[in-house]
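This is what each chain is made of:
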Amino acid sequence: MNWFSRRDTPVTRRAFNPYVSTPADSNGRGGPWARMVDMAAAAARSSTRRYPRELLASMRELREGAALRVEHPHADASLGGVWLGHSTVLLRIGRSWVLTDPVFSERIGVRVGGRTFGLGRLAPTFDLGTLPPVDLILVSHAHFDHLDRPTLAKLVSPRTRVITAERTGALIPGGFEGVHELRWNDEVRAGDLVIRAMRPAHWGARTAFDRQRGFNSYVIDAPDHRRRVLFSGDTAHTRAFERVGGADLTIFGIGAYDPWEHAHATPEQAWDMHRLAGGERFMPMHHSTFPLSDEPAGEPLRRLIAAAGAAGPTVVGENLGKAWHAA
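Attention here is on the structure that accompanies the text. Remember, predicted model here, so these are calculated numbers, not experimental data.

### Considerations on the packing of helix α3 (residues 267–276) against helix α4 (residues 299–308)
Item 1. Here α3 crosses α4 at 45°, and the two axes come no closer than 8 Å. In terms of orientation, α3 and α4 fall into the oblique class. Where α3 crosses over α4, the two elements pack in a sense that is right-handed. Contacts between α3 and α4 involve Pro 267, Glu 268 and Trp 271 from the former and Pro 300, Arg 303, Leu 304, Ala 307 and Ala 308 from the latter.

Below you can see the structure in the form of C-alpha cells.
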C-alpha cells in the first residue's frame, strides 16, 4: 500500500534556516544572534504544540496496530532495499542483509517502568519475525528515533554485527556478534562489505548531559559487486558528501525540517546533497513516521519529487514497505 502519495500538488513552503544569510531588516535584525533567537522560539512553539499531548498519550494504554510483513528485496540482486518507516531501511548489498537505524516500536522516548514516554508512531510498523537473517545493523547516532533499545533487544543475534557511532556502543544491548564504534573517516570490513563513517551536519547527544556522543553517516561498499550506498543518518545541508565520489544509491532524510532545518535537511537540500555525492538513485527516509515537526505527512515526498523534476524516476523505494532492487 502507498501510504504517502507522490502525486499531489507540490508544496513550496520552506522552513527557517538560521545558517542561511539573510539581510538585516530596518531594525538591524537578521544577523546570527537574531536568527538563533528566531530558531529557538520556533522550536519552542513546535515542541509546545506536540510534546504535552504525546506525553499524555504515553500514559494511556497503547493500542498497537497490526504489524505488516516485511517484503524482501531480491536475495539474488546485488543491490536492493525497502523503507520500513522513519530511518529504518532493509538493504541487500552484495551478499549481505543490512538494517539501518532499526526502530519498530509503536512509541519512542524514555522508558520507565516498562512504559515508553514519548512520540507515538503515525505509520504502521513491521513484524520483526518476517525480516531475513540480518548480517549488519548500522546505527547513525543515539537519538531515540534512531537508537531504539527495545527494537535492538528484539534483534539480538550471534550472527549480527552492529556498527555505531563513537561513544554509543554502551547503549547497544549485549548478545550481538560484535559492536564496533566507528569514528569519522575510519572504516571497517564486515563480511563482504566495507563501511566508512562520515561526518554529517547534526549532533549525537541522547540527553542534555551526554554531548560527547558521536554521530555518523555511512558509506557502504561491496567491492566484489562494485556497489556503493550512502546512508546519511540525520543531517542538515552540508557539502561533506562531495567526498563520497559516486554512489549507486543514496538514502537521505527528507522530513522533520519545520522548524528544524538547522538539524534536518529539506527535501530540496536532500536532493542537492544526493547530487553532490554523485548518486544515481535516491531513496527517501525520515519522514511521515513520527510527529517530530510541523510539516504535514506527505509534504516531504511531494517536495522531493518536485525538486527531482525530470530525474523523478531515479527516486526509488519511496513507498512504505515496497521493496526495490537494481536491475
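### What about the environment of Leu 79?
Item 1. Counting through the fold element by element, Leu 79 comes out in strand β1 (residues 79–83).
Item 2. Accessibility expressed as a relative area gives 1% for Leu 79, which makes it buried.
Item 3. Counting along the chain gives 150 residues from Leu 79 to Val 229, while the straight-line C-alpha distance between them is 8.8 Å.
Item 4. Every residue in contact with Leu 79, bar those within four places of it in the chain, is listed here: Arg 92, Ile 93, Arg 227, Val 229, Asp 248, Leu 249, Trp 324, His 325 and Ala 326.

### Quick word on the sheet that holds strand β10 (residues 193–198)
Item 1. Sheet architecture is open: six strands sit in the order β9-β10-β11-β12-β13-β14, paired in mixed fashion. Looking at the sheet topology across the chains shown, the edges are occupied by β9 (187–190) and β14 (279–285). The mean angle between the axes of side-by-side strands here comes to 20°, regardless of whether they run parallel or antiparallel.
Item 2. The sheet contact formed by strand β13 (residues 247–253) and β14 spans six bridges and is parallel. Each bridged residue has a counterpart across the sheet, and for Ala 247 the counterpart in β14 is Gly 279.
Item 3. Docked against the sheet, α3 engages β13 and β14, running at close to 150° with respect to β14.

### Some thoughts on the pattern of salt bridges
Item 1. In the structure shown here, the tally under the stated rule is 11 salt bridges.
Item 2. Of the charged contacts, one joins Asp 248 and Arg 227 as a salt bridge, the two residues approaching to 3.6 Å between their closest N and O atoms. Here Asp 248, found in strand β13, pairs with Arg 227, found in strand β12 (residues 227–231); they are 21 residues apart in sequence, far enough to count as distant.
Item 3. Residue Asp 248 is classed as buried on the basis of its relative accessible area, which comes to 12%.
Item 4. In this structure Arg 227 comes out as buried when scored by relative accessible area, which is 15%.
Item 5. In the salt-bridge network here, residues are joined through shared partners; they are Glu 166, Arg 167 and Arg 183.

Quick notes on the rules
Residues numbered from 1 in each chain as written. Predicted model: local features only at pLDDT ≥ 70, side-chain atom pairs only at ≥ 80, totals over all residues. Heavy atoms only, no water. Axes fitted to C-alpha atoms, helices over the stretch in contact; angles between N-to-C directions. Helix = DSSP H or I, 4+ residues; strand = E, 2+ residues; numbered from the N terminus. Parallel < 35°, antiparallel > 145°, perpendicular 65-115°, else oblique. Left-handed = near helix turned anticlockwise from the far one by under 90°. Contact = heavy atoms within 4.5 Å. Buried < 20%, exposed > 50% of the residue type's maximum accessible area, 1.4 Å probe, protein only. Pairing = 2+ DSSP bridges. Salt bridge = Lys/Arg side-chain N within 4 Å of Asp/Glu carboxyl O.

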